[in-house]
Amino acid sequence: MGLKLYNTLARAKEEFEPLQGRRVKMFVCGITPYDHTHIGHARTYVAFDVIARYLRHRGYSLFYLQNVTDVDDRILTRAPEVDIPWDDLGDEYLADYLKTMEALGVTSVNLYAKATDYIPEIIEQVEGLLAGDYAYQVDGDVFYQISSFQDYGKLSRVKLEKLRSGARVEVDKRKRNPQDFALWKSRKPGEPHWDSPWGAGRPGWHIEDTAISVTHFGPQYDIHGAGNDLIFPHHEAEIAQAEAFTGRKPFVKYWMHTGFVVIKGERMGKSLGNIIPVKEVLERYDPEVLRFFLVYTQYRSPIDFTYEALEEARRAYGRITEALERARAELSEAREERGDGDEELRGAIASASSDFFEAMDDDFNTRDALAALFSLTTTFRVDLDRGLSAGSLREFLDAFETYGTILGLFRGVAAPSVDLIDGLIGLLLRLREDARRGGDYEASDRIRKELTKLGVRLEDTSKGPRWRLP
RNA sequence: GCCGGGGUGACAGAGUGGCUCAUGUGACCGACUGCAGAUCGGUUUUAUGGGGGUUCGAUUCCCUCCCCUGGCACCA
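A brief report on the enclosed structure follows. Since the structure is predicted, the reported quantities are computational estimates derived from the model, not experimental observations.

Scoring rules and cut-offs
Every chain is numbered on its own, with residues counted from 1 as its sequence reads. Going through the entries in the order they are written, you letter the chains from A and number the ligands from 1. Local features in this predicted model are restricted to residues of pLDDT 70 or higher, and side-chain atom pairs are both shown and tallied only at a pLDDT of 80 or more, whereas totals for entire chains, interfaces and linings draw on every residue. Hydrogens and water are ignored here; the side-chain numbers use all heavy atoms of the structure. For helices the rule is a DSSP run of H or I covering at least 4 residues; for strands it is a run of E covering at least 2, with both sets numbered from the N terminus onward. With a 1.4 Å probe rolled over the protein chains alone, any residue whose accessible area is under 20% of its type maximum counts as buried; one over 50% counts as exposed, and the rest are partly exposed. Residues are treated as being in contact if the distance between any of their heavy atoms lies within 4.5 Å. For every accessible area listed, the method is Shrake-Rupley and the probe measures 1.4 Å; residues are considered covered only by the protein chains on display. For the purpose of charge, His is not counted, nor are the chain termini; Lys and Arg are scored as positive and Asp and Glu as negative. Every charge is mapped onto a representative atom, which is NZ of Lys, CZ of Arg, CG of Asp or CD of Glu. Here, expected helix span is obtained from the residue count minus one, scaled by 1.5 Å. Arc definition: directions from the helix axis to the C-beta atoms. Strands are labelled as partners when DSSP assigns at least two bridges between them. Fitting a line to C-alpha atoms yields each axis, with helices limited to the stretch in contact; the angle taken between N-to-C directions then spans 0 to 180 degrees.

## Observations regarding the overall build of chain A
Regarding its fold elements, chain A presents 15 helices and 16 strands. For chain A, the C-alpha atoms occupy an extent of roughly 90 × 55 × 40 Å along the three principal directions. Within the span of chain A, comprising 470 residues, buried residues form 50% of the whole. Considering only contacts in chain A between residues 6 or more positions apart, those separated by 24 or more positions represent 76%. Approximately 22700 Å² of chain A is accessible, and the part contributed by carbon and sulfur atoms is 49%. Here chain A holds 63 positive side-chain charges and 77 negative ones, and the gap between their average locations is 1 Å.

## Regarding helix α4 (residues 119–131)
The end-to-end C-alpha distance of α4, which contains 13 residues, comes to 18 Å, matching closely the 18 Å that a straight helix rising 1.5 Å per residue would cover. Of all the residues in α4, the buried ones are I119, I122, I123, Q125, V126 and L129. Along α4, the residues classed as buried sweep out an arc of 160° about the axis, all on the same side. Exposed side chains of α4 directed beyond 90 degrees from the buried face belong to P120 and A131. For α4, the secondary structure elements touched by its buried residues are β6 (135–138), β7 (141–144), β8 (181–186), β9 (201–203), α5 (207–217) and α6 (231–246). Count one or two residues on from α4 and you reach D133, which has phi positive near 60°.

## Notes on the sheet that holds β9
Pairing is antiparallel in the open sheet, where four strands are placed in the order β6-β7-β8-β9. The sheet is open, and its two edges are formed by β6 and β9, each paired on a single side. Taken pair by pair, the neighbouring strands of this sheet meet at an average axis angle of 20°, ignoring direction. The pairing of β7 with β8 spans three bridges and is antiparallel. Note on β8: the bridge partner recorded for Y144 is F181. Sheet strands touched by α4: β6, β7, β8 and β9. Its angle to β8, the strand with the most contacts, is close to 120°.

## Points about the environment of A47
For A47, the location among the structural elements is in helix α1 (residues 39–57). Along the backbone, A47 and E337 are 290 residues apart, and their C-alpha atoms lie at a distance of 42 Å.

## Remarks on the sheet that holds strand β5 (residues 111–114)
Spatial ordering of the open sheet is given by β5-β4-β3-β10-β11, a layout of five strands whose pairing is parallel. Looking at the sheet topology across the chains shown, the edges are occupied by β5 and β11 (252–258). On average, each strand axis in the sheet is inclined to that of its neighbour by 25°, with strand direction left out of account. Note that strand β10 (residues 221–227) and β11 share six bridges and pair parallel. Bridge pairing links I223 to Y254 in β11.

Laid out in structure tokens, this is it:
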């Protein structure tokens, strides 16, 4: 059974065959750090995190590269507004992004590459494009001449003559064609700049991705991903740049795009003022619940974000984690001899795993994969009442360990947090104090004795009870 | 205008040319229960936007219409 993925270039699911054996190179367009990380970012990067984890689970040796657009119009516009140097602003929001990703369990990225660390490579590509007559210089600016690239539009399937130029952005009059895009922008007062053969300036938006990816991956690689808003013009521009610069095509074998997060059916956007920062969600919900909510929908489908939907996800997720907690609790007291539910549970684990991997193989269908896990937990609960041996409980938990590693979920179930232990023991101590004050020394001694049996040492001091673990 | 994505039960959301059933949430009934919660069983449920075609058979394939939604030059 092979792994299939939806390739935007083909507008169809294709069998996944890496260019080089089992080695896979994946590039995903990262963020422009100029504001808080929002749930749209979370969606896309959690989706690719699952994809990366699954590819690795499938035995591929994956290098996952993500860029960071740390010099860009939006940063340069924002910085003076908040009166912070542009590079500090970028650092601040990059840190915010990385922290958010950590909270969400996004651990699969091998390298975050900042655009400003690749200025020489960017200049080299612009020079190459000028030399090949794919670009032209006007004053200190360099533009890509799209009429020189025959394949322009092959990813997005746009026809140049059908475009409404300037629908949202003013067209620079110096361009030979309104669709031409900037490779290099000349220095403007107060803006950061680097020396180049065309004078001081900074890179255009699209060129950093090709400079970074060609530097690390060479002229061709396997997977390029991003939100579907970047298909046009960004990815179209990347293809034009890379294929013209290297002379090799296709630049990327599989293009993968995530669906958008929408709010009440509408796209999330600055202009609509309906952007939801991840920070805001995490004030109310566990990061793992947010991750589950995102994984609960297949990566290409749009997600309508509402707190009601998040609440539903929380309940649904609780159904699984509750079962896992129960299994873990039962395991500590379970016996090795066979239980009446063993056979059925083992069969259910096998068929759930088969369904799970089949769903994941089909373009990473996490929704369908999760359906198999929900069914498995229901069977588990029924079988638990019939009786389960320690062996089958372990098999059940091991299976979820595997699913959890792939989906980046069920992490909190593995070990109770320090905070929780702290709270629980604190609660027992307060109950014991109440008992002591009420003269019920039988109860208070029993609490101390039981805690001691669990390895919690308890000492009464003049400042109240103190406890420590062995 | 051009290029995309999508309409499935009360809601969210998979899959499938025929098969008992996606899955989850909600509501209701029953079981369990000191209370609460969790859980189990059942119901809501003859679910596939309208019309036409292909077919023995269409939710699935084709045509058409309607509706929602994204992109159209610096947005994950």
